[in-house]
Amino acid sequence: MSAPFFCAMAVYNPSMSGAPVYRIHNLRFAYTDTPVLNGISTEIGTGDFVALVGPNGAGKSTFLKILAGLNRKYTGAVEFNGASLIRVTAHELARRVAFVPQETHVVFPFSVMQMVLMGRAPHKSASLFDSGIDIERAEHAMRLTDTLDLARKSFNTLSGGERQRVVLASALAQDPEVLLLDEPTVYLDLKHQIHFYDIVERLNLEHRMTIVSVTHDVNLAARYARRMMAMRSGVIVADGSPESVLTPEHLYEIFEVSVAVLKRTDGRGSYIIPA
């Protein structure tokens, strides 16, 4: 879709964020001959809470995986804390960036505690054994995610929602500076969706953890995120506060649906209903 079609979209103001964690310039990526990302240029600052929204096939998950260091065959430039992301080793990145995928499949019958302790792997030296600090950080992460009572259960016996909470606990056990979430609440019931984002919001506000979350739930995004990027056809077509992005005109151009945008009575953003 051509850029002029979106020329009236919200534009991100860098003064909204802290020092850049990521600097992205003219980022392009393709699977075989199919372009997925088509020249993305933006910054993500320390302490940002970014919701990445858009229709299926917009390139959101691909963009997130590049930020996580999982896709490195891109063109353009991506910097992480001032260094070329390609030059940052996987081990170093894992000490600072945690990635929570949509789904996690495990072949071996690991317990929940073992799964969460895997998040401590980047902090281990030569020792293969879990230290007292590792156990402490794992249990703290499990309390946050309401999974401590599952500690001895096999990960493979859990429901989809329980698994996702355990994967989040493992990510938090890494003690990351950046948390990348790919549709993290897709398998969670309403209670745990809210609980999940309450945890993430607290980490963002109290610890200035940088959050980038891909989501299809624009109402949850508007409730928790302070910045929203909307993608379509491999480009960012709107970037700003949720209120500036979530207008009926923008949403029609992004998703091709007619909606009404209502203000929340508690003053915490807007919510979307069918028009």
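In what follows, the accompanying structure is described.

1. Digging into helix H6 (residues 190-207)
Here's step 1: The first and last C-alpha atoms of H6 sit 25 Å apart over 18 residues, in line with the 26 Å expected at 1.5 Å per residue.
Here's step 2: Here the buried face of H6 lies against strand E3 (49-53), helix H4 (132-144), helix H5 (160-173), strand E7 (178-182), strand E8 (210-214) and helix H7 (218-224).
Here's step 3: Of the residues flanking the end of H6, it is Arg 208, one or two places downstream, whose phi is positive at about 55 degrees.

2. Focus on the packing of aromatic side chains
Here's step 1: One pass over the full model with this rule turns up five aromatic pairs.
Here's step 2: Through a chain of ring-to-ring contacts, three or more aromatic side chains come together here, namely Phe 196, Tyr 197 and Tyr 224.
Here's step 3: Positioned above the aromatic ring of Tyr 224, the side-chain terminus of Arg 223 is 4.3 Å from the ring centre.

3. Overview of the side chain of Arg 165
Here's step 1: Inspection of the secondary structure puts Arg 165 in helix H5.
Here's step 2: Of the residues examined, Arg 165 reaches a relative accessible area of 9% and is grouped as buried.
Here's step 3: Ignoring any residue separated from it by four or fewer positions in sequence, one finds Arg 165 in contact with Thr 145, Asp 146, Thr 147, Leu 188 and His 192.

4. A word on the pairing of E8
In summary, the side chains of a regular strand alternate between the two faces of the sheet.
Here's step 1: Burial runs high along E8: five of the five residues are buried.
Here's step 2: The alternating pattern of E8 places Thr 210, Val 212 and Val 214 on one face and Ile 211 and Ser 213 on the opposite face, and all of these are buried.
Here's step 3: Direction of pairing for E3 relative to E8: parallel, over a ladder of four bridges. Bridged to Val 50 within E8 is Val 212.

How each quantity is defined
Residues numbered from 1 in each chain as written. Predicted model: local features only at pLDDT ≥ 70, side-chain atom pairs only at ≥ 80, totals over all residues. Heavy atoms only, no water. Helix = DSSP H or I, 4+ residues; strand = E, 2+ residues; numbered from the N terminus. Expected span 1.5 Å × (residues − 1). Contact = heavy atoms within 4.5 Å. Phe/Tyr/Trp six-rings, centres within 6.5 Å; stacked < 30°, edge-to-face > 60°. Lys NZ or Arg CZ within 6 Å of the ring centre and 35° of its normal. Buried < 20%, exposed > 50% of the residue type's maximum accessible area, 1.4 Å probe, protein only. Pairing = 2+ DSSP bridges.

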